[in-house]
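Spelled out from the first residue to the last, the chains are:
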Amino acid sequence: MSRPEHIGPPELFYNETEAAKYTNNTRIIDIQMSMSSRAIELLNLPEDQPSFILDVGCGSGLSGEAITEEGHYWIGMDISPSMLDIAVEREVEGDVVLADIGEGVPFRAGSFDGVVSISVLQWLCNADKASHNPFKRLRSFFTMLYSSMRQGGRAVFQLYPESPKQMELITEQATRCGFTGGVVVDYPNSTKAKKIFLCLFAGVPVTGVKMPQALGAEGEDTVQFSNERQSGKKRKRGEVSKKEWIHNKKQRRRVQGKEVTADSKYTGRKRKPKF
């Protein structure tokens, strides 16, 4: 079965027919509400006061309803006009904005106490137009998202990464923009129930990051990362040879959309000293 992001850009894929099907399907509604409630739980918001939440890729407002039920206020942004039309028709409590998250987050600095996003982030890894560069679009999104959040706020993204390399691309761009955090995998041993959440912290040093516990895991099933870089001398390559390490690094840079010199028989060879 083809992934939705491979069929077409989101603003075309979620047309009037698909948007109506998405909103009226009881199975999709149950799954969406369940994932939204879990994302809100991972935000770890104060219980004694309402918070202001940004819903990235809000669609028809299903995840916004979960935010409202928890007593919080929200603004949603989405690229699909058809989805937003349904949100307006349903008279959701939050305000909705038509916007492409790959071009950034158009809100004032420090506006949001938290951010949630359900099944959206992997769309930024696709180049739907000749002008689209996944590396630049992710960087633009995370840079402006970071500035729109208050210090100490959390952003929780439920996503379906296509591959480990895609997940690495997303987390690398997030850390380059100042975020710390990690990945929480609920029910890691279940094919159907497994859900991946990227939990990001704004303005929290890595020493202050405490990752939430995953559901349905015998032990801890979280992966933590930081925005701190090790010096080249301390960086370890493990059991990988120097040549393999160079090939892997060049492949990662190709995935990021960067220009990389072609491999040759001299790649990874040690050069003779010149006198």
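One can find the structure itself at the top, above this paragraph.
Before going further, it helps to spend a moment on the side chain of histidine 132. Within the secondary structure, histidine 132 sits in the loop between β4 (112–118) and α7 (134–148). We classify histidine 132 as buried; its relative accessible area is 15%. Side-chain polar atoms of histidine 132 contact the side chain of arginine 137, separated by 3.4 Å.

Attention now moves to the packing of helix α4 (residues 26–43) against helix α5 (residues 62–69). Where α4 contacts α5, the axes come no closer than 8 Å and their chain directions differ by 50°. Relative to α5, the element α4 is oriented oblique. Judged by the sense of rotation from one axis to the other, the crossing of α4 with α5 is right-handed. Two secondary-structure elements touch here, α4 through Ile29, Gln32, Met33, Ser36, Ser37 and Ile40 and α5 through Leu62, Ser63, Glu65, Ala66, Ile67 and Glu69. Considering only residue class, the contact of α4 with α5 consists of six nonpolar, four polar and two charged.

This paragraph deals with helix α8 (residues 164–176). For α8, with 13 residues, the first-to-last C-alpha span of 18 Å sits near the 18 Å given by 1.5 Å per residue. Here α8 has its buried residues at Gln166, Met167, Leu169, Ile170, Thr171, Gln173, Ala174 and Thr175. Positive phi appears at glycine 178, one or two residues downstream of α8, with a value of about 110°.

Another point: helix α3 (residues 16–24). Considered for burial, the residues of α3 that qualify are Ala19, Tyr22 and Thr23. Taken end-on, α3 shows its buried residues confined to a sector of 90°, consistent with a single buried face. Seen from the buried face of α3, the exposed residues on the opposite side, beyond 90 degrees, are Thr17 and Asn24. Buried residues in α3 make contact with α4, α5 and α6 (81–89). Regarding α3, its N-cap is asparagine 15, as a side-chain oxygen of that residue lies 3.2 Å from the backbone nitrogen of threonine 17 further along.

Let's shift gears to the packing of α3 against α6. Their axes nearest at 8 Å, the elements α3 and α6 cross at an angle of 45°. Compared by their axis directions, α3 and α6 come out oblique. In the crossing of α3 with α6, the sense of the turn from one axis to the other is right-handed. Contacts from Glu16, Ala19, Ala20, Tyr22 and Thr23 of α3 reach α6 at Ser82, Met83 and Ile86. Residues that form the contact of α3 with α6 fall into these classes: five nonpolar, two polar and one charged.

Rules of the game
- Residues numbered from 1 in each chain as written.
- Predicted model: local features only at pLDDT ≥ 70, side-chain atom pairs only at ≥ 80, totals over all residues.
- Heavy atoms only, no water.
- Helix = DSSP H or I, 4+ residues; strand = E, 2+ residues; numbered from the N terminus.
- Buried < 20%, exposed > 50% of the residue type's maximum accessible area, 1.4 Å probe, protein only.
- Polar contact = N/O pair within 3.5 Å; in protein donor to acceptor, adjacent residues only side chain to side chain.
- Axes fitted to C-alpha atoms, helices over the stretch in contact; angles between N-to-C directions.
- Parallel < 35°, antiparallel > 145°, perpendicular 65-115°, else oblique.
- Left-handed = near helix turned anticlockwise from the far one by under 90°.
- Contact = heavy atoms within 4.5 Å.
- Nonpolar A, V, L, I, M, F, W, Y, C, P; charged D, E, K, R; others polar.
- Expected span 1.5 Å × (residues − 1).
- Arc of directions from axis to C-beta.

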